[in-house]
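Structural overview
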Amino acid sequence: MTTREFDIIVYGATGFTGRLVAEYLAQAYAGQERPRWAMAGRSLTKLQEVRDLIGAPADTPLVTANADDPASLAAMCNRTAVVLTTVGPYQLYGSDLVAACVETGTAYVDLCGEPGWMREMIDKHHARAQQTGARIVFSCGFDSIPFDLGVFTLQEAARARFGRTCPRVKGRVRVMKGGFSGGTAASLKATLAAAARNPSLIALLTNPFALAPGFQGPSQPAGLLPEYDRTIEAWCAPFIMAPINTKNVHRTNFLLGHAYGADFVYEEMMVAGLGEMGKAAAEALAKMNPLAGDKGPKPGEGPSKEERDAGHYDILFVGEMPGGERIDAVVTGDRDPGYGSTSKMIAEAALCLVEDVPDAAGGVWTPGAIMAAPLRQRLIDKAGLTFTAG
């Protein structure tokens, strides 16, 4: 691909999460020649306002583009190596942008947690993206980078210790301070609405291998009911992001030629606590619907900087070998998952595509399949994440 005007265009920079991404790039890479980046959105006036609000340099380029105008999307894509988009729900606003990136050979990263739409994009564009060299990478935020790279880290350690990968891995969210983003909630609601209109989507949404076309692996734990996990001696509750994270982990395994094994079993739950109090907490969490009512942020809204800075998360991964051996990995993040940490992760994922894996083949990828090790190092160095195994 010929050198383009920009390394990254942040599309949706006037939205809450997009603004955080732009602010991160402005601060983390202040005074540096690279990356060459720009802010994009529908309104030039709003882009100017956000540029001033976040303290970005006055000469930060601004690009107007609209999800309803495919020509403007194509023009934007032709100017940059990577489009970083926070404009969701993607099933409502993202299809034309993916198509434009594929046709122009432009890399793409998003925060998508919408498996029905992701499968549609895989079926429509994977082969063409391989031809044009476009690297399309979904789910570059809290869903699903910590989980995708957490499993990768555990399996790397398992190979070193046991000479083979673990056929079963459990993801256990031990701490999560700070909620999901308004965009995540909107995406989940849009997915449920789409399933109501098209019941055939339900089979896809409930299939752990929905993002691995043509492959059907072994039965997977549903994780829909509270349970006592004897491995960690704690009660666990369903984890709302498990349905998308597990699909992405299985797609990573699929794209890597089943590097974790064709018989790989993976599940995620949230740790509720110990003893009878833990059991009661797990049962209460299982009944809770975080999408009910009008609580929580709307798309475009979010917590204060103080709230984002006070957030953090800790995820344990437990690998089990057939002989009973166990190996653990832990991923932590230093900001709230839905905003503070997510905005840093997607920015570094975009930079990783440009700087660390520029020659990777085109196609519809996961972070763990196309850039696991270099992205992990970036997240450790720049984004406040830790990855440990042993």
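The paragraphs below set out a description of the structure included in this document.

Reading the values: the criteria
- Residues numbered from 1 in each chain as written.
- Predicted model: local features only at pLDDT ≥ 70, side-chain atom pairs only at ≥ 80, totals over all residues.
- Heavy atoms only, no water.
- Helix = DSSP H or I, 4+ residues; strand = E, 2+ residues; numbered from the N terminus.
- Contact = heavy atoms within 4.5 Å.
- Buried < 20%, exposed > 50% of the residue type's maximum accessible area, 1.4 Å probe, protein only.
- Pairing = 2+ DSSP bridges.
- Axes fitted to C-alpha atoms, helices over the stretch in contact; angles between N-to-C directions.
- Phe/Tyr/Trp six-rings, centres within 6.5 Å; stacked < 30°, edge-to-face > 60°.
- Lys NZ or Arg CZ within 6 Å of the ring centre and 35° of its normal.
- Parallel < 35°, antiparallel > 145°, perpendicular 65-115°, else oblique.
- Left-handed = near helix turned anticlockwise from the far one by under 90°.
- Nonpolar A, V, L, I, M, F, W, Y, C, P; charged D, E, K, R; others polar.

1. Quick look at the environment of Gly-273
Mapped onto the secondary structure, Gly-273 falls in strand S10 (residues 265–273). If sequence neighbours within four positions are ignored, Gly-273 has contacts with Ala-234, Trp-235 and Gly-278.

2. With respect to helix H5 (residues 95–104)
Within the sequence span of H5, burial applies to Leu-97, Val-98, Ala-100, Cys-101, Val-102 and Thr-104. In the stretch just after H5, Gly-105 is the one whose phi turns positive, near 65 degrees.

3. Observations regarding the pairing of strand S9 (residues 234–238)
Buried residues dominate S9, accounting for four of its five residues. Here three bridges tie strand S8 (residues 227–229) to S9, and the two strands are oriented antiparallel to one another. Bridge pairing in S9 links Tyr-228 to Trp-235. Between the antiparallel neighbours S8 and S9 lie four residues, among them Glu-233 with a positive phi of about 55 degrees. Relative to S10, S9 runs antiparallel, the two sharing four bridges. Residue pairing across strands places Ala-237 opposite Met-270, the latter belonging to S10.

4. Let's talk about the sheet that holds strand S3 (residues 62–64)
Strands sit in the order S3-S2-S1-S4-S5-S6-S13 across an open sheet of seven strands; the sheet is parallel. The open sheet terminates on both sides in strands that have one partner only, identified here as S3 and strand S13 (363–365). The average angle at which neighbouring strand axes cross in this sheet is 20 degrees, direction not considered. Bridge analysis of strand S2 (residues 37–41) against S3 gives three bridges, and the strand direction is parallel. The partner of Met-39 across the bridge, within S3, is Leu-62.

5. Observations regarding the packing of aromatic side chains
Under the counting rule described, the total for this entry stands at 13 aromatic pairs. Ring centres 6.5 Å apart and planes at 85 degrees place the aromatic pair Tyr-24 and Tyr-29 in the edge-to-face group. By relative accessible area, Tyr-24 is classed as buried at 11%. When its relative accessible area of 10% is taken as the criterion, Tyr-29 is described as buried. Between Phe-264 and Tyr-266, the aromatic rings sit 6.2 Å apart at their centres with planes inclined by 10 degrees, giving stacked as the arrangement. Tyr-266 carries the same exposure label as Phe-264, and that label is buried. Each member of the aromatic cluster is reached from another via a ring pair, and the members are Phe-142, Phe-147, Phe-239, Tyr-313 and Phe-317. Above the face of the Phe-16 ring, Arg-19 is positioned so that its terminal group lies 5.2 Å from the ring centre. Cation over ring: Lys-382 sits above Tyr-29, and NZ or CZ is 4.3 Å from the ring centre.

6. A few points about the packing of helix H1 (residues 16–28) against helix H13 (residues 337–355)
Two elements in contact, H1 and H13, have axes separated by 9 Å at closest approach and are oriented at 60 degrees. Between H1 and H13, the interaxial angle falls into the category oblique. Every pair of crossing elements has a handedness; the one defined by H1 and H13 is right-handed. Along its contact with H1, which presents Phe-16, Thr-17, Leu-20, Val-21, Tyr-24 and Leu-25, the element H13 presents Tyr-339, Ser-343, Lys-344, Ile-346, Ala-347, Glu-348 and Leu-351. Its residues placed into classes, the contact of H1 with H13 shows nine nonpolar, two polar and two charged.

No statement about biological role is implied by the geometric values presented.
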